[in-house]
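Report on the structure
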Amino acid sequence: MENFKNEKSHVLIAIFPGQGHINPSLRFSKQLIKLGIKVTLTTSLTAFNKIKKLPNIEGLSFAPFSDGYDGKFKGSFDEYHLLNSSIKSHGSEFIFNLIKLNAKNGTPFTYVIYTILMDWAGSVAKKNNISSTLFWTQPATVFDIYYYRFTDYSDYFKNCDSKDKIIELPGLPPLSQIDFPSFVFDDVECNNWAVESIKRQIEILNSEKNPRILVNTFDDLEFDPLRILKNVTMVSIGPSILSNFLDDCDNSFGADMIEISSKNYMEWLDLRPNGSVIYIAFGSYAEISSQMMGEIGQGLLKCGRPFLWVIREGQNGEKPEEKLSCKDELEERGKIVRWCSQVEVLKHPSVGCFLTHCGWNSTLESIACGVPLVACPIWNDQVCNAKLVQDVWKNGVRVNAGEGGIVERDEFERCIDIVMGGGEEGDVLRKNANKWRDLAKEAMKENGSSNVNLKTYANEFILDRCC
């Protein structure tokens, strides 16, 4: 039973309907509830329809809205701007009316928090004279890059058509073109909606006095990137991940979010030696080609180590692994599943490395569990995350893509052997992985930096507004 310090404190969190936004927002909601703040989560039915069972927690409520498609959007990724436009138009109207309705019913929202690509939710809050802030669900480093891109350092990004050209920005490591989030140089028309949303977000922040944003990271991980910007204060409150890593025995979020299959994967892991298993997963939405799947499969066979590989079904129920010529050999060596509880797997002592697309949720989860990475980024912030993993935090290695952007089997074998092997380089990676794990745990303790940061922010900007 939560003890609410102020019955009038009520936060609305508006979430972009993507797993990378939903998971940290759920965890963040729980943190706010523990501080005595009621929370209502709103996102589109496209996201809610994928949730098998909503968590039942006092102080937490849900307000889904129709985005016009409600999970039935059949367009390709090139047409995703149509879905986003529909989310914005339907969501703006819904949130505006929701704010009015709650005020009328005596349960007014006193604060609005919104995730990346939901800048319009902040505008709706402003129309209703409610303060709001952004919850940045990617690294602080990525926010800095976008901020520089759309403000004082925009000229640095012009004519950067060489992979060898290095750009040096304040507070950040030297970056080449392949290290930047894909939207930074993306002139593909179908992605304009995302680029424009981030640009608007930065313009909004620059129009405010002493703007603050909440960031899903922690001080030790990104000390300089969190502090380098003079016009925006970034408040680290992470790692906000869905797991009993942070809650001891409480896993009320997460396990019911997706239908669980292949439940025997934990028993399978129990039978493997410590540090022997390669875990492979590319997130909830990342699509990898049949060619890349084949190269991964052959790379795993060349390594000769046991593996647990999450391969999601296709949109029409197809099983991608059926197209692999080496499927039978793979099944003799490892295990393929449709879904697993990722943090539960990463915490298992048999897991020795994580081959990942480097989405920020997955990256934070591996950091929190002390598992070194083989980074195979696909797009967006993932490429920057991979840069940080290899060259800044040094808790993993990044694969090198060949012609056509394909990573070949020998490269997968090389990187896995580095991380899993007994050489000096692997020892350093594992040592660093353990270091970051310990610092992540410290940050989320009662008197840890992230916990203190959130308490201070809540007291100053949320609870005090209700007194």
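See above for the structure.
The structure reproduced in this document is the subject of the present report. On a predicted model such as this, the values are computed, not experimentally measured, just so you know.

**Things to note about the overall build of the protein**
Helix and strand content of the protein: 17 helices and 15 strands. Split into buried and exposed, the 467 residues of the protein put 57% on the buried side. Considering only residue pairs separated by 6 or more positions, the protein has 66% of its internal contacts joining residues 24 or more positions apart. For the protein, the accessible surface area stands at approximately 20,700 Å², while carbon and sulfur atoms represent 46% of it.

**Considerations on the nonpolar core**
In this structure, Trp136, Phe143, Ile213 and Met234 are the most contacted members of the largest nonpolar core, which totals 52 residues. Mapped onto this core, the elements with two or more residues apiece are β1 (10-14), α3 (80-104), β4 (111-115), α4 (119-127), β5 (132-136), α5 (140-149), α6 (192-207) and β8 (212-215). Of all the elements, α5 adds the most residues to this core, at 7 residues. Apart from the residues lying within four places of it in its own chain, the contact partners of Trp136 are Ile116, Val142, Phe143, Tyr146, Ile213, Leu214, Val215 and Asn216. Of all hydrophobic cores here, the second largest spans 36 residues; its members include Val343, Phe354, Ile367 and Cys369.

**Notes on the packing of α5 against helix α14 (residues 382-392)**
At a minimum axis separation of 10 Å, α5 and α14 run at an interaxial angle of 125 degrees. Put simply, α5 runs oblique to α14. When you trace α5 past α14, the crossing you get is right-handed. Facing α5, whose interface residues are Thr141, Val142 and Ile145, α14 presents Cys384, Asn385 and Leu388. Grouping the constituent residues of the contact of α5 with α14 by class yields 4 nonpolar, 2 polar and no charged.

**Topic: the sheet that holds strand β12 (residues 335-337)**
Spatial strand order, β12-β11-β10-β13-β14-β15: 6 strands in an open sheet with parallel pairing. Every other strand in the sheet has two partners, leaving β12 and β15 (396-398) as the edge strands with one partner each. Averaged over all neighbouring strand pairs, the angle between strand axes comes to 15 degrees, with direction disregarded. For strand β11 (residues 307-310) and β12, the ladder comprises 3 bridges, and the chain directions are parallel. Residue pairing for β12: Trp309 is matched across the bridge by Ile336.

**So, the pattern of salt bridges**
Under the criterion given, the structure shown has 16 salt bridges. A salt bridge links Lys327 to Glu331, with the shortest nitrogen-to-oxygen separation between them at 3.1 Å. You can see Lys327 and its partner Glu331 sitting in helix α11 (residues 327-333), 4 residues apart, about one turn around the helix. A residue is classified by how much of its surface remains accessible, and Lys327, at 15% relative accessible area, is buried. Taking the relative accessible area as the measure of exposure, Glu331 reaches 42% and is therefore partly exposed. Several salt bridges share partner residues, and in doing so they unite Asp179, Lys387, Asp391 and Arg398 into one network.

**A word on helix α17 (residues 449-463)**
When the terminal C-alpha atoms of α17 are compared, their 20 Å separation across 15 residues agrees well with the 21 Å that a helix rising 1.5 Å per residue should span. All of the buried residues along α17 are Ser450, Asn451, Leu454, Tyr457, Ala458, Phe461, Ile462 and Leu463.

**Quick word on the sheet that holds β1**
The sheet built from 7 strands is open, its strands ordered β3-β2-β1-β4-β5-β8-β9 with parallel pairing. Both edges of this open sheet fall to β3 (60-62) and β9 (233-236), since each of them pairs with a single strand only. Ignoring strand direction, the axes of neighbouring strands in this sheet form an average angle of 25 degrees. Summarising the sheet, β8 and β9 pair through 4 bridges and their orientation is parallel. Bridging from a neighbouring strand, Arg212 pairs with Thr233 of β9. Across the sheet, helix α1 (residues 19-34) lies against β1, β2 (38-42), β3, β4, β5 and β8, angled at about 165 degrees from β2, the strand it touches most. Seen against the sheet, α4 touches β1, β4 and β5 and runs at an angle of roughly 165 degrees to β4.

The rules behind each value
Residues numbered from 1 in each chain as written. Predicted model: local features only at pLDDT ≥ 70, side-chain atom pairs only at ≥ 80, totals over all residues. Heavy atoms only, no water. Helix = DSSP H or I, 4+ residues; strand = E, 2+ residues; numbered from the N terminus. Buried < 20%, exposed > 50% of the residue type's maximum accessible area, 1.4 Å probe, protein only. Contact = heavy atoms within 4.5 Å. Areas by Shrake-Rupley, 256 points an atom, 1.4 Å probe, with all protein chains shown as cover. Core = buried A, V, L, I, M, F, W, Y, C linked by side-chain atoms within 4.5 Å. Axes fitted to C-alpha atoms, helices over the stretch in contact; angles between N-to-C directions. Parallel < 35°, antiparallel > 145°, perpendicular 65-115°, else oblique. Left-handed = near helix turned anticlockwise from the far one by under 90°. Nonpolar A, V, L, I, M, F, W, Y, C, P; charged D, E, K, R; others polar. Pairing = 2+ DSSP bridges. Salt bridge = Lys/Arg side-chain N within 4 Å of Asp/Glu carboxyl O. Expected span 1.5 Å × (residues − 1).

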